[in-house]
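In case you want the letters, here they are:
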Amino acid sequence: LTFRHRYNLENRFDGGVLEISIAGGPFADLLTAGGSFLEGGYNDTLRNDLGLTNPLAGRSAWTGNIALFSSVTATLPVSASGQNVVLRWRSGTDDLVGALGW
């Protein structure tokens, strides 16, 4: 899987992740499901303190700011081979400072 993206998110408080559902199963982070990033993977972990409200708090994610479009290349989990898969790009933010987005 290859895609391009850019983002301007509050560093370590807001972020985006890639999730996968295999054969109709529940969504899981691509890495947790057994996939990997070959290029442009997550760049930090979202903060999970201060009573933050981000539903992705504590997870590895894309966060901060990249001004130019950047490529991401990922391998899907071996368990996805021959299966129907659904991918979702999920953004999570806290309810304080904002930025432009993903």
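Each value, and the rule that gives it
- Residues numbered from 1 in each chain as written.
- Predicted model: local features only at pLDDT ≥ 70, side-chain atom pairs only at ≥ 80, totals over all residues.
- Heavy atoms only, no water.
- Helix = DSSP H or I, 4+ residues; strand = E, 2+ residues; numbered from the N terminus.
- Rg over C-alpha atoms; globule rule 2.2 N^0.38 Å.
- Buried < 20%, exposed > 50% of the residue type's maximum accessible area, 1.4 Å probe, protein only.
- Areas by Shrake-Rupley, 256 points an atom, 1.4 Å probe, with all protein chains shown as cover.
- Lys, Arg positive; Asp, Glu negative; His and termini not counted.
- Charge placed at Lys NZ, Arg CZ, Asp CG, Glu CD.
- Pairing = 2+ DSSP bridges.
- Contact = heavy atoms within 4.5 Å.
- Polar contact = N/O pair within 3.5 Å; in protein donor to acceptor, adjacent residues only side chain to side chain.

**With respect to the overall build of the protein**
At step 1: Assigned secondary structure in the protein consists of zero helices and eight strands.
At step 2: Element order for the protein, N to C, with α for helix and β for strand: β-β-β-β-β-β-β-β.
At step 3: For the protein, whose C-alpha radius of gyration is 14 Å, the value lies close to the compact-globule estimate of 13 Å for 102 residues.
At step 4: Along the first, second and third principal axes, the C-alpha set of the protein runs to 45 × 30 × 15 Å.
At step 5: The proportion of buried residues among the 102 residues of the protein is 34%.
At step 6: If you sum the accessible surface of the protein, you get close to 5,600 Å²; carbon and sulfur atoms cover 51% of it.
At step 7: Here the protein holds 7 positive side-chain charges and 9 negative ones, and the gap between their average locations is 5 Å.

**Comments concerning the sheet that holds strand β3 (residues 28-29)**
At step 1: The strand order across the open sheet formed by three strands is β3-β2-β8, and the pairing between neighbours is antiparallel. Two strands close off the open sheet at either side, each with one partner strand: β3 and β8 (85-92).
At step 2: As defined by bridge partners, strand β2 (residues 15-22) adjoins β8 across eight bridges and the pair is classed as antiparallel. By the bridge assignment, V17 is partnered in β8 with R90.

**Re the environment of S91**
At step 1: With respect to the element layout, S91 can be found in strand β8.
At step 2: In this structure S91 comes out as partly exposed when scored by relative accessible area, which is 44%.
At step 3: Residues S91 and T63, 28 residues apart in the sequence, show an inter-C-alpha distance of 9.9 Å.
At step 4: For S91, the residues in contact, after removing those within four places along its chain, are G15, G16, L56 and W102.

**A short note on the side chain of T73**
At step 1: Its location among the elements puts T73 in strand β7 (residues 65-75).
At step 2: When its relative accessible area of 17% is taken as the criterion, T73 is described as buried.
At step 3: A distance of 3.4 Å separates a polar atom in the side chain of T73 from a polar atom in the side chain of T2.

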